[in-house]
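As a plain string of letters, each chain reads:
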Amino acid sequence: MAAVTSLGETPLTAPAKRPRGLQARRRRRLNLFRYVVFTIFGLFFLLPLLAVLRFSLEGNTLGTWTLSAWKQIVSYQGLLSAVEITLELAVLTSVTTLVLLVPTMIWIRLRVQWFSRPFEFLCLLPLTIPAIALVVGLAPVYNKIRHFELSALMLFWIYVILALPYAYRALSAGLNAIDVKTLSEAARSLGASWLRVVVQVIAPNMWQAILNALLLSAALALGEFTIAYTLLYTNLQVELYSISRNTPNASVIFSTSLAALVFTFALLLIISIVGRRRRRTG
Amino acid sequence: MAVTATSPAGARPVPPVRAGRRVRLPAWLGVTPFLAYVAIFLLLPTGILVVDAFRTPSGALNLSSPKLLFSSTVRSYFIGSFELCLISSVVGAVFGAILAYAIASGNPNGAMRQLYIAASGVLAQFGGVTLAFAFVVTIGPVGLLLHASWFYTFPWGISVIYAYFQIPLMVLVFLPAMDGLKIQWREASESLGCSAWQYWRYIGGPLLAPAFFGAALLLFANALSAFATIVAWENQIAYIVPQQIYLAINSEVGLSNLNVADVLALGMIIMVAIVMTGYALLQRRAARWLR
């Protein structure tokens with residue numbers, strides 16, 4: 001139970017440094033505790049995912065193995081259009097979020113610093129308003145939108161709001177790491193326009209933060225259910241849910257869920273890998 | 001700012017007449033697109049629901065509608081929400097803290113640490129329909145692992161599912177505080193003859209307490225807003241406020257229910273606001289030591 005030195009995971013090095021037997025025993029006990037904890041939590045996190053994998057490979061009779069559920073993804077009625085809509089929503093959401101946030105954030109750093117606190121408040125506000133509560137006020141707004149356009153793509157307007165806090169944090173970390181003011185003064189004194197300062201000078205210096213914001217907002221749009229379901233639109237999650245309601249044993253929901261999950265995991269893993277490399281080099 | 005929007009580039013001389021004719025736009029105009037967007041899609045809906053909570057469906061002022069929050073049926077949904085959030089955030093906070101300790105006490109560059117941090121980042125986002133499916137086929141009625149008889153009981157069955165995303169969130173939020181515990185404090189206490197229990201009781205515990213309770217509040221708010229998971233778990237019975245809001249919006253009983261939805265939503269926002277304020281205060285308190 002001792003956090004003696006966080007360095008040196010192997011218990012063998014401990015006695016060499018610390019001759020006292022008490023320390024070595026404590027370190028061994030700590031390592032035992034750690035690996036028991038890692039195993040138990042690892043099982044808790046892995047087993048449900050493995051169960052989904054097993055069910056996506058389940059045949060018509062229990063205990064058989066087949067790939068048919070994976071092949072059904074492209075042919076199952078309504079599923080493919082939901083996948084398409086959701087991917088389009090992810091692209092629209094992440095691009096709009098970036099277009100809205102990146103220039104505004106840079107501009108605030110450079111010219112309207114007094115606005116940075118209210119701006120942060122506005123960006124983090126969606127965290128304190130549950131999506132299901134926001135939907136209540138949104139219903140009238142979306143009734144207006146439906147006069148012009150019925151497509152589920154219109155959901156991206158509100159997904160941008162939901163993505164604001166995550167994108168803001170990612171971008172703000174990126175902006176903090178560079179000297180925006182010096183960069184822009186240098187560029188401006190060399191004759192660059194403001195547009196050029198943003199697009200060609202500052203944005204390339206924070207592309208990892210931009211990538212983070214992009215992937216986080218895309219991941220949000222891929223997994224969103226509450227708003228689409230409540231406003232009676234159909235996206236991937238709503239479609240999976242309704243398939244599960246109507247045909248409870250459709251194994252296609254497991255293969256599709258797993259595919260969507262792996263896709264989202266991949267997006268989010270890219271963030272953590274890119275982020276780690278950044279820290280190592282920079 | 002040495003360089004302003006209107007000053008032309010560098011050393012090139014510019015005819016003064018043209019320069020004078022250019023209109024100098026105020027800098028704050030640059031943030032208006034963002035403000036307009038947020039006003040339409042965040043502030044307007046929030047405003048609509050707050051105003052509508054105090055109006056009858058026909059539009060007249062109705063100050064009695066918030067009384068609805070205290071009617072017995074509505075209260076039961078808030079109690080349901082409270083139970084679920086309390087259980088899942090306590091479970092998530094305790095187990096998440098244990099896992100965070102196991103991670104923090106190891107090699108800071110070790111593979112286990114990297115693996116668990118990356119996985120936590122991913123799993124904390126993983127809620128919703130798929131998660132409910134995953135648990136149905138693991139411990140639910142068709143479970144591969146076991147057929148838990150309590151799977152469809154509220155709040156225990158759903159709390160186990162919520163723990164799946166609450167524990168990783170706790171690891172993400174609490175690990176920095178765990179990492180902030182300095183080895184020197186431990187060593188100093190040991191050289192003064194402290195036992196492990198005394199160390200945690202008088203040094204480690206009090207230092208971590210604000211961060212721990214702050215993180216637990218964040219988990220509480222996180223569980224409060226979750227909706228998709230519980231819908232996919234059980235859609236016949238409404239247990240918590242979000243389910244009731246959904247019913248109030250989409251039931252075919254009539255317009256009168258919209259007002260119920262507004263009041264419930266307002267109640268939820270107030271609840272989250274209180275919890276998040278507590279979180280912010282505790283985080284500030286925690287930051288005092290753990291730098």
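Residues numbered from 1 in each chain as written. Chains lettered and ligands numbered in written order. Predicted model: local features only at pLDDT ≥ 70, side-chain atom pairs only at ≥ 80, totals over all residues.

Peer 1: Provide a residue-level description of the overall build of chain B, including the pertinent values.
Peer 2: When its secondary structure is counted, chain B shows 11 helices and zero strands. Long-range pairs, those at least 24 residues apart, make up 76% of the contacts in chain B between residues at least 6 apart in sequence. (Helix = DSSP H or I, 4+ residues; strand = E, 2+ residues; numbered from the N terminus. Contact = placed C-beta atoms within 7 Å.)

Peer 1: Lay out the overall build of chain A in plain terms, naming residues and giving numbers.
Peer 2: For chain A, the count of helices and strands is 13 helices and zero strands. When the helices and strands of chain A are placed in sequence order, the string is α-α-α-α-α-α-α-α-α-α-α-α-α. Relative to all contacts within chain A whose residues are 6 or more apart in sequence, the contacts with residues 24 or more apart total 74%.

Peer 1: Mind laying out the interface of chain B and chain A, listing which residues take part and the relevant values?
Peer 2: Residue-level contacts link 69 residues of chain B with 72 residues of chain A. Broken down by class, the residue content of the side of chain B that touches chain A amounts to 53 nonpolar, 14 polar and two charged. (Nonpolar A, V, L, I, M, F, W, Y, C, P; charged D, E, K, R; others polar.)

Peer 1: Break down the packing of helix H4 (residues 79-110) of chain A against helix H8 (residues 180-189) of chain A for me, with residues and values.
Peer 2: Residues and elements named next belong to chain A. At a minimum axis distance of 9 Å, the contact between H4 and H8 shows a crossing angle of 90°. As the angle between them shows, H4 and H8 are arranged roughly perpendicular. The residues of H8 that touch H4, namely those facing Ile-106, Arg-109 and Leu-110, are Val-180, Lys-181 and Ser-184. Here the contact of H4 with H8 is built from residues that sort into three nonpolar, one polar and two charged. (Axes fitted to C-alpha atoms, helices over the stretch in contact; angles between N-to-C directions. Parallel < 35°, antiparallel > 145°, perpendicular 65-115°, else oblique.)

Peer 1: Got a sec to walk through the nonpolar core? Specific residues and values, please.
Peer 2: Judged by nonpolar contacts, the single largest core of 166 residues is most densely connected at Ala-100, Met-170 and Phe-174 of chain B. Excluding residues within four positions of it along the chain, Phe-174 of chain B makes contact with Gly-96, Ala-97, Ala-100, Ala-211, Phe-212 and Ala-215 of chain B. (Core = buried A, V, L, I, M, F, W, Y, C linked by C-beta atoms within 7 Å. Buried ≥ 20, exposed ≤ 12 C-beta atoms within 10 Å, placed from the backbone.)

Peer 1: Can you lay out the packing of helix H6 (residues 156-180) of chain B against helix H8 (residues 196-225) of chain B for me, pointing to particular residues and giving the numbers?
Peer 2: Residue and element names in this part refer to chain B. Following both chains from N to C, one finds H6 and H8 inclined at 145°, their axes separated by 10 Å at the closest point. Crossing of H6 over H8 shows right-handed handedness. Of the residues in H8, those in contact with Tyr-162, Gln-166, Leu-169, Met-170, Val-173, Phe-174 and Ala-177 of H6 are Leu-208, Ala-211, Phe-212, Ala-215, Leu-218, Leu-219, Asn-222 and Ala-223. Taken together, the residues of the contact of H6 with H8 sort by class into 13 nonpolar, two polar and no charged. (Left-handed = near helix turned anticlockwise from the far one by under 90°.)

Peer 1: Describe the domain arrangement of chain B, and please don't skip the residues or the numbers.
Peer 2: All names here are of chain B. Segmentation of chain B into domains returns domain 1 (26-53) and domain 2 (69-287). Look at where the C-alpha atoms of domain 1 and domain 2 centre, and you get two points 30 Å apart. Listed as interface residues are four residues of domain 1 and, on the opposing side, five residues of domain 2. A breakdown of the residues in the side of domain 1 that touches domain 2 according to their chemical character gives three nonpolar, no polar and one charged. (Domains from an automatic or database assignment.)

Peer 1: Run through the environment of Arg-55 of chain B, naming residues and quoting values.
Peer 2: Residue and element names in this part refer to chain B. Assignment of secondary structure puts Arg-55 in the loop between helix H2 (32-53) and helix H3 (72-104). The partly exposed category is assigned to Arg-55, around which 15 C-beta atoms lie within 10 Å. Dropping the residues within four chain positions of it, Arg-55 is found in contact with Ala-60, Leu-61 and Asn-62.

Peer 1: I'd like to hear about the environment of Val-52 of chain A, residue by residue, with values.
Peer 2: Here Val-52 of chain A shows up in helix H2 (residues 21-56). With 25 C-beta atoms counted inside 10 Å, the residue Val-52 of chain A sits in the buried group. Considered as a pair, Val-52 of chain A and Thr-256 of chain A are 204 residues apart in the sequence and their alpha carbons are 10 Å apart. In this structure Val-52 of chain A touches Phe-254, Ser-257 and Leu-258 of chain A together with Phe-133, Ala-134 and Val-137 of chain B, once residues within four positions along its chain are discounted.

Peer 1: Summarise the domain arrangement of chain A; cite the residues concerned and give the values.
Peer 2: Residues and elements named next belong to chain A. When cut into domains, chain A gives domain 1 (13-56) and domain 2 (72-281). Here domain 1 and domain 2 have C-alpha centroids that lie 36 Å from each other. Counting residues at the interface gives four residues for domain 1, matched by five residues for domain 2. Broken down by class, the residue content of the side of domain 1 that touches domain 2 amounts to three nonpolar, one polar and no charged.

Peer 1: Kindly report on helix H7 (residues 156-176) of chain A, identifying the contributing residues and their values.
Peer 2: Given a rise of 1.5 Å per residue, 21 residues ought to cover 30 Å, and the 28 Å separating the end C-alpha atoms of H7 of chain A matches this to within 8%. Along its length, H7 of chain A reaches its greatest deviation from straightness, about 45°, at Leu-164 of chain A, and the proline Pro-165 of chain A lies no more than four positions downstream. (Expected span 1.5 Å × (residues − 1). Bend = angle between axes of the 7 residues up to and from the residue.)

Peer 1: Which residues make up the confidence of the model for chain B, and what are the values?
Peer 2: Residue and element names in this part refer to chain B. Confidence along chain B averages 83 in pLDDT terms, with 89% of residues attaining 70 or more. The model gives residues 1-11 a pLDDT under 50, and that stretch makes 15 contacts with residues more than four places away or in other chains. Confidence drops under pLDDT 50 across residues 14-20; counting only partners more than four residues distant or on other chains, this segment forms three contacts. (pLDDT = per-residue confidence, 0-100.)

Peer 1: Explain unusual backbone geometry residue by residue, including any values.
Peer 2: When glycine is set aside, most residues are seen to have a negative phi, and most peptide bonds are trans. With omega at 0°, the peptide bond leading from Phe-154 of chain B into Pro-155 of chain B counts as cis. As for its position among the elements, Pro-155 of chain B is in the loop between helix H5 (129-139) and H6.

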